[in-house]
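# Structure assessment
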Amino acid sequence: MRVARLVLTDFRNYERLVWEPQARLSVLFGENGAGKTNLLEALSLLAPGRGLRGAGNSQILRQGAHVWGIAARLGAEDPVSIATGSDPSNPARRLFRLDDMPVRAQSQIAAHCAVTWLTPPMDRLFSDPASGRRRFLDRLVLALDSNHAREAASHERSVSQRNRVLGTHPGQAVWLDGLEDSIARHAVAMTASRLALVEAMNARDLAYGSTFPATRLRLRCAIGALLSERPAIAVEEQLRDALRASRGADRERGATSSGAHRADFALEDVRTGRDATLSSSGQQKAMLVHTILNHAGLLRAMGHASPLILLDEPLVHLDRQRRDALQDFLARSDMAVTMTGTDRAHFAALERHAEFRQISDGGFVS
Ligand SMILES: Nc1ncnc2c1ncn2[C@@H]1O[C@H](COP(=O)(O)OP(=O)(O)OP(=O)(O)O)[C@@H](O)[C@H]1O
C-alpha cells in the first residue's frame, strides 16, 4: 500500500502540508525539531489508535489552532481516501472518514489501512514493561486480523469491570461468572490470533543477505501454551476455572491474574539463538527491523495489502554492514517505507531508489 497524497492541516508544527510521494521509498531528512517524526506520526494516525507517539488531540493540534486534520489517498488502483482529525464540535474527540463518509467503527478503517513503525523510544522495548511489547505485537496482529482490536477492547473492558466488581461487590458470583466468561472467550480469541501471526512469521524465510540477522518470535503466554495442546473450548473452560479460583487473591492484588493481558513475547536471533534481552542496542534494532519487514512480507504473501512502514531514524545504532544490508534489502523489495534521518548522506545507497525530501520548520525545503 502506498500513500498517493497526504494533506496535513494544523498538525503539530505543520500549518498546511501537501505531499504526493513520488516513490515507494521516501527519506525525510533535516535538522532536529524540523518535523520529520511529526510527519511519520501523521501517517501512523491513518490507522486506528493513537499513533506512534500515543498522543492525544490536544498535543497534536498545532499550537494556537482549533482543529487538526490529516487527509490521505492510499493506493494507485482502486484508491481509498482516509481522513481523520479532531471533531470541531468536541475537540477532544477524533473522527474518521472513509471515502468521504463518516466511519462508525474504527475497524472499518483497519480493513483498509495498516501501519507499522519503529521509533527511537522503541530502543527500550525489551527493557520497558511488557505492555509496550504487547502493543507492538497486537499492531502486527491487527494488520492481519481487523477484528483483533474489537476482541482486545472487549477483553480490556471485562478485565477492568471484574477488578471493579471484585473491589466493590465481591459476593456477586453471577456477575463475576459473566465477566470471567467474557474474559476467557476474548482472551482465547486474542491469543489464537497472536499465535497464528507468530507461527506464520516464523515459517517465513526472508533473505536479507548474510549480514542482516533473521529473527524468530516467541509468544510467552500461558494461554498460548495451553492452546498448542488442547482445543480452544477446553482452554476457555480452564481459564474460567482459574479466574473463579483466583477471585480472593485477585481482589487483594486489585488485578486479574489470568488473561490475554498477561502475555509477552521474545525475539531471538535465528543464527545465534540469542534473545533480544541479551543483545546490544544495535542487535535489538536489527531484530525489530527484521520483524517489521518480515511482517510486511507475510501480509503480501497472504494477499493482504502491505502496511505502511514507518522507520524513524532506522540507521541509528546499526553498524555499517547492517546499514548496507537494510538499504540493499529495501532497494530490492517492493515495500512502501517512509524513513527519517538527520543526514541524507547516510542513505546514499538509496539515492537511485527513494524520494528524498528535506524538512525544515514544518515544511518541505526540497
Ligand atoms: N502541537 C504542536 N504545535 C506546534 N509545534 C509542535 C507541536 N508539537 C510539536 N511541535 C514541534 O514539532 C517539533 C518536533 O518535531 P519532530 O519531533 O517531528 O522533529 P524531528 O524532525 O523528528 O527531530 P529529531 O531529529 O530531533 O528527532 C518541535 O519543534 C516541536 O516544538
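Further up the page is the structure itself.
Below, the structure is looked at part by part. (Residues numbered from 1 in each chain as written. Predicted model: local features only at pLDDT ≥ 70, side-chain atom pairs only at ≥ 80, totals over all residues. Heavy atoms only, no water.)

## Remarks on helix 8 (residues 232-245)
- Compared with the 20 Å implied by 1.5 Å per residue over 14 residues, the 20 Å span of helix 8 between its first and last C-alpha is a close match.
- Listing the buried residues of helix 8 in full gives Val235, Glu236, Leu239, Arg240 and Leu243. The buried residues of helix 8 all sit within an arc of 140 degrees when viewed along its axis, so they share a single face.
- Elements in contact with the buried residues of helix 8: helix 5 (148-168), helix 6 (173-202), helix 7 (222-227) and helix 9 (247-253). (Helix = DSSP H or I, 4+ residues; strand = E, 2+ residues; numbered from the N terminus. Expected span 1.5 Å × (residues − 1). Buried < 20%, exposed > 50% of the residue type's maximum accessible area, 1.4 Å probe, protein only. Arc of directions from axis to C-beta. Contact = heavy atoms within 4.5 Å.)

## Some remarks on the environment of Ala348
- Within the element layout of this structure, Ala348 appears in the loop between strand 12 (337-341) and strand 13 (354-358).
- Linking Ala348 and Val198, residues 150 residues apart in sequence, is a C-alpha distance of 34 Å.

## Topic: unusual backbone geometry
- The phi torsion at Asp100 lies on the positive side, around 70 degrees, for a residue other than glycine.
- Here Asp100 shows up in the loop between strand 6 (90-98) and strand 7 (101-102).
- Positive phi, close to 50 degrees, is recorded for Asp361, a residue that is not glycine.
- Tracing the backbone shows Asp361 in the segment after strand 13.
- Judged by relative accessible area, which is 66%, Asp361 ranks as exposed.

## A few points about empty space enclosed by the protein
- Inspection of every chain in the model, using the stated rule, returns one cavity of 30 Å³ or more.
- The calculated volume of the largest cavity comes to roughly 120 Å³.
- The wall of the largest cavity is formed by 14 residues, among which Val3, Arg24, Ser26, Ala336 and Thr338 lie closest to the centre.
- Mapped by element, the contributors of at least two residues to the lining of the largest cavity are strand 11 (308-311) and strand 12.
- Here the lining of the largest cavity takes three residues from strand 11, the largest share from any one element.
- Grouping the constituent residues of the lining of the largest cavity by class yields ten nonpolar, two polar and two charged. (1 Å grid on protein atoms, 1.4 Å probe; cavity = no way out; pocket = protein on both sides within 12 Å on 5 of 7 lines; lining within 4 Å. Points joined across faces, edges and corners; volume = space filled by probe spheres on them. Nonpolar A, V, L, I, M, F, W, Y, C, P; charged D, E, K, R; others polar.)

## Observations regarding the site of the ligand
- The environment of the ligand is made up of 18 residues, and the closest members are Gly33, Thr37, Asn38, Arg53 and Leu61.
- Side-chain polar atom of Asn32 to an oxygen atom of the ligand: 3.0 Å apart, as the coordinates give it.
- The protein chains hide 69% of the 660 Å² of surface that the ligand would expose on its own.
- At the level of secondary structure, the elements contributing two or more residues to the shell around the ligand comprise helix 1 (36-44) and helix 2 (57-60).
- Taken together, the residues that form the shell around the ligand break down as three nonpolar, nine polar and six charged. (Near = heavy atom within 4 Å. Polar contact = N/O pair within 3.5 Å; in protein donor to acceptor, adjacent residues only side chain to side chain. Areas by Shrake-Rupley, 256 points an atom, 1.4 Å probe, with all protein chains shown as cover.)

## Looking at the packing of aromatic side chains
- A full pass over the atoms with the stated rule returns five aromatic pairs.
- Between Phe29 and Phe356, the ring centres sit 6.5 Å apart and the planes meet at 65 degrees, which makes this aromatic pair edge-to-face. Taken together, the positions of Phe29 in strand 3 (residues 25-29) and Phe356 in strand 13 put the pair 327 residues apart, joining distant regions of the chain. The pair Phe29 / Phe356 is uniform in exposure class, with both members buried.
- Between Phe136 and Phe265, the aromatic rings sit 6.0 Å apart at their centres with planes inclined by 25 degrees, giving stacked as the arrangement. Of this pair, Phe136 sits in helix 4 (residues 130-144) while Phe265 sits in strand 10 (residues 264-269), placing them 129 residues apart in sequence.
- Here Phe136 falls in the buried class, since its relative accessible area comes to 3%. (Phe/Tyr/Trp six-rings, centres within 6.5 Å; stacked < 30°, edge-to-face > 60°.)

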